[in-house]
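# Observations on the three-dimensional arrangement
This is what each chain is made of:
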Amino acid sequence: MTALLLQESITTGVELQQYLVLSAVLFSIGVYGVLARRNAVLILMSVELMLNAVSINMVAFAVYTAPSMFVGIIFAIFIITIAAAEVGLALGIVLRVFRNRGTANVDEVDSLKW
Amino acid sequence: MTEGLNLDYSLLIPEFLLVGLVVAIVGLDLYAPKMKKTWLAYIAAAGLVAVGAVSLGYWDTDDNFANIIVVDDYTTFFRVFFVATAAVICLASATMVAEKFRHPGEYYALIILSTIGAIGMAASRELMTAYISLELLSFSLYVLVSYQKFDAKSNEGGLKYLLLGAFASAMFLYGMSLIYGITGSTYYSEIAVGLQNPTGDFQWAMLMGLVLIVTGLGFKVAAVPFHMWTPDAYEGAFPPITAYLGTTSKAAGFALMLVLFSQAFEVVHDDWSWMIAGIAAATMILGNLVALQQHNIKRLMAYSSIGQVGYMLMAIAALNSDTAQALLVHLVGYMVSNMAVFIVIIAWYNMTGKDEIADFRGMRERAPLLAWVLAGALFSLAGLPLFAGFVTKFVLFQSVWNEGFYWLIAIATTTSVVSLYYYLQIMRQAFVEKPAEGEESRLPVPLLMNGLAAALMVGVLYIGLYPQALFDVVEAATDVLFV
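Rules used throughout
- Residues numbered from 1 in each chain as written.
- Chains lettered and ligands numbered in written order.
- Predicted model: local features only at pLDDT ≥ 70, side-chain atom pairs only at ≥ 80, totals over all residues.
- Heavy atoms only, no water.
- Helix = DSSP H or I, 4+ residues; strand = E, 2+ residues; numbered from the N terminus.
- Buried < 20%, exposed > 50% of the residue type's maximum accessible area, 1.4 Å probe, protein only.
- Areas by Shrake-Rupley, 256 points an atom, 1.4 Å probe, with all protein chains shown as cover.
- Expected span 1.5 Å × (residues − 1).
- Bend = angle between axes of the 7 residues up to and from the residue.
- Polar contact = N/O pair within 3.5 Å; in protein donor to acceptor, adjacent residues only side chain to side chain.
- Core = buried A, V, L, I, M, F, W, Y, C linked by side-chain atoms within 4.5 Å.
- Contact = heavy atoms within 4.5 Å.
- Salt bridge = Lys/Arg side-chain N within 4 Å of Asp/Glu carboxyl O.
- Phe/Tyr/Trp six-rings, centres within 6.5 Å; stacked < 30°, edge-to-face > 60°.
- Lys NZ or Arg CZ within 6 Å of the ring centre and 35° of its normal.
- Axes fitted to C-alpha atoms, helices over the stretch in contact; angles between N-to-C directions.
- Parallel < 35°, antiparallel > 145°, perpendicular 65-115°, else oblique.
- Nonpolar A, V, L, I, M, F, W, Y, C, P; charged D, E, K, R; others polar.
- Buried area = accessible area lost by both parts, 1.4 Å probe.

## So, the overall build of chain A
The number of helices and strands found in chain A is four helices and zero strands. Counting from the amino terminus, helix and strand elements in chain A follow one another as α-α-α-α. Every one of the 114 residues in chain A was classed for burial, and the buried ones make up 41%. Accessible surface, chain A: about 6,100 Å² in total, of which carbon and sulfur atoms supply 68%.

## Concerning helix 3 (residues 73–100) of chain B
Residues and elements named next belong to chain B. Over its 28 residues, helix 3 extends 40 Å from the first C-alpha to the last, a length consistent with the 40 Å expected when each residue adds 1.5 Å. The axis of helix 3 is deflected most strongly, by about 55°, at A94. The buried fraction of helix 3 is high, at 21 of 28 residues. The residue sitting at the N-terminus of helix 3 and contributing the capping side-chain oxygen is D72; that oxygen lies 3.2 Å from the backbone nitrogen of Y74.

## Some points on the nonpolar core
Residues and elements named next belong to chain B. Within the largest apolar cluster, 223 residues are counted, with the highest numbers of intra-cluster contacts made by F78, Y107, Y108, F254, F261, F265 and W272. Among the elements that line this core, the one with the most residues is helix 13 (residues 321–352), at 21 residues. F254 has contacts with Y74, V221, V309, M312, L313, I316, L327 and L331, leaving out every residue within four places of it along the chain. Core analysis: the second largest hydrophobic core is formed by five residues, L12, F65, A66 and I69 among them.

## Considerations on the pattern of salt bridges
Residue and element names in this part refer to chain B. In this structure the tally under the stated criterion is 13 salt bridges over all chains. Close ionic contact of D29 with K37 constitutes a salt bridge, the shortest N to O distance being 2.8 Å. Comparing D29 with K37, the two get one shared label, buried. The partner of D72 in a salt bridge is R125, and the shortest N-O contact between them spans 3.6 Å. Placement of D72 in the loop between strand 2 (69–71) and helix 3 and of R125 in the loop between helix 4 (104–123) and helix 5 (127–145) is noted, with a sequence separation of 53 residues between them.

## Overview of the packing of aromatic side chains
Under the defined criterion, the tally for this structure stands at 32 aromatic pairs over all chains. Ring centres of F75 of chain A and Y131 of chain B lie 6.4 Å apart, and the angle between their planes is 40°; this geometry places the pair in the tilted category. A residue pair is termed interchain when its members come from two chains, as with F75 of chain A in helix 4 (residues 71–101) and Y131 of chain B in helix 5. Here the two residues F75 of chain A and Y131 of chain B agree in accessibility, since each one is buried. Joined through ring pairs, the aromatic side chains of Y74, F77, F78, F81 and F82 of chain B make up one cluster. Over the ring of Y58 of chain B we find R79 of chain B, and its NZ or CZ is 5.2 Å from the ring centre.

## Describing the packing of helix 3 of chain B against helix 13 of chain B
All names here are of chain B. Relative orientation of the contacting elements helix 3 and helix 13 amounts to 5°, with a least axis distance of 11 Å. In terms of their interaxial angle, helix 3 and helix 13 are classed as roughly parallel. Contacts from Y74, F77, F78, F81, T85, V88, I89, A92, T95, M96 and K100 of helix 3 reach helix 13 at L328, L331, V332, M335, M339, I343, I346, Y349 and N350. Among the residues making up the contact of helix 3 with helix 13, the classes are represented as 16 nonpolar, three polar and one charged.

## Notes on the side chain of T323 of chain B
Residue and element names in this part refer to chain B. As for its position among the elements, T323 is in helix 13. Here the side chain of T323 touches A318 through a polar contact of 3.0 Å, landing on its backbone oxygen. Filtering out sequence-adjacent residues up to four positions away, T323 remains in contact with A315, A318, S399, V400 and E403.

## Section: the interface of chain A and chain B
Contacts between the two partners involve 42 residues from chain A and, on the opposite side, 43 residues from chain B. Summed over both sides, the interface between chain A and chain B buries roughly 3,800 Å², with carbon and sulfur atoms accounting for 76% of that surface. Summed over the shared surface of chain A and chain B, the result is one salt bridge. A salt bridge links E156 of chain B to R101 of chain A, with the nearest nitrogen and oxygen atoms 2.8 Å apart. In this structure, the connection of chain A to chain B is made through seven residue pairs in polar contact (both at pLDDT 80 or more). Those elements giving two or more residues to the side of chain A that touches chain B turn out to be helix 2 (16–36), helix 3 (40–65) and helix 4 of chain A. Counting residues per element, the side of chain A that touches chain B draws most heavily on helix 4 of chain A, at 17 residues. Of the residues assigned to the side of chain A that touches chain B, the class counts are 31 nonpolar, six polar and five charged.

Following this line, the structure appears as structure tokens:
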């Protein structure tokens with residue numbers, strides 16, 4: 001299957017670098033979001049962007065550098081699964097914070113300091 | 001695809017037993033509602049001890065499961081280490097959990113699940129497995145930290161831990177993807193082979209990958225500048241979970257680091273050694289200095305543990321077989337001493353409901369045994385002779401010194417002296433200050449807590465006076481990493 005993907009990519013003229021640039025941009029947007037956003041849910045979404053960047057990287061490397069091995073593609077599937085579990089868990093905790101404090105803004109959740 | 005791979009499931013029996021124990025504990029909690037809830041803790045602890053005994057049967061094995069999970073003396077060492085820690089934590093939380101939570105089964109189940117994750121981090125020899133184990137440990141800990149649903153502090157600690165933890169694992173993963181792209185493999189041994197060739201154009205990609213991996217692992221072990229979540233998660237969590245965060249989660253991080261850097265990245269030692277040396281220096285200085293101005297005991301222990309992480313990171317920076325041994329010795333000494341301190345904190349919190357340092361006043365009169373254990377364990381953490389901390393720190397510092405990191409050792413010894421000051425602050429409250437008005441009476445310390453504290457103190461003294469036995473075990477455990 002990976003060989004097929006590779007063939008398709010080559011015929012459409014997409015190179016490995018283009019995938020890597022896409023993933024680096026996506027990752028950077030995610031990092032920016034985590035640092036700049038103040039709402040816990042939006043921070044989580046930014047983390048998801050970073051994880052998706054990793055998945056793109058993994059699949060691109062798998063297809064272009066080791067077409068006979070599926071490790072990168074399997075890794076991407078595991079990342080998707082774990083990300084789903086992470087969001088479920090995180091939303092539960094955000095919900096508890098929201099119930100107890102009436103806000104999901106991380107700047108206002110600041111009773112613990114130094 | 002599977003020909004030639006060893007698919008011997010009997011190697012994983014301890015993990016299967018732990019999963020069975022999880023199901024049994026949750027089942028008992030649901031189907032035997034009349035049973036006293038403290039029994040769940042005793043059953044969990046007994047089960048964990050039994051699993052530890054089973055794992056001991058794998059001593060001297062050197063085998064692997066499909067090249068992914070290796071069962072050798074290193075794995076056996078950490079299996080016993082993590083299982084023992086979890087057993088102590090289960091016993092220490094028995095009374096408190098039975099009083100406060102409606103379904104304590106899940107609490108013990110999560111502790112055991114996180115133990116499986118921690119073992120996986122030490123045993124795996126492949127990035128994907130290591131990552132999944134790491135997440136199994138972290139996810140269980142996120143839930144445990146925020147387990148007190150209606151306590152705003154617990155929620156807050158959990159939220160901060162979770163957001164930063166998720167951010168860190170994303171970084172860790174991106175680093176892994178870069179390393180995978182360069183070497184074409186996720187197996188440690190094949191990564192080492194791939195990095196042996198001159199990396200040429202990929203030099204920057206490899207450096208970037210290493211930086212991101214160090215960042216991700218730095219978050220997990222709470223190294224400066226990635227430590228911000230630590231004090232908040234420690235203060236917000238239930239006291240036994242704080243103890244658990246400080247031991248298992250850190251030890252697992254170091255177990256993974258040790259294998260990863262010795263098996264996969266040893267060939268590019270010079271490229272990451274300086275990063276970790278710098279982080280170690282910052283961690284020692286900042287952890288110990290900020291600890292000086294803490295007034296909450298859990299926050300103080302958080303910064304003290306950050307300082308200890310700095311000492312352990314030195315061993316990773318100067319990685320060779322000697323420092324690896326010293327690191328494991330120090331981990332064991334730190335685990336026993338830290339646990340002893342936390343048993344005292346937990347027992348005191350159970351009886352008085354307070355966790356400020358000033359609330360420890362008059363402990364010598366109100367609970368003499370606990371006070372003496374506290375003193376011994378704190379002296380051990382500070383590294384005074386007679387106690388475990390002295391021997392383990394001495395071995396650690398000496399092995400790093402031999403590698404030529406003189407400036408790190410200078411910082412380490414100075415900050416050790418600083419740490420004595422804040423440990424003595426706690427002892428001043430416990431021994432010199434008189435109890436508050438109307439609180440002079442002796443406290444009824446439960447036998448279990450006294451017993452645990454005394455047993456851990458015996459451990460601290462044993463390692464301090466006869467360290468040879470520990471050295472022998474650790475030597476066997478690290479030999480397999482450096483062939």
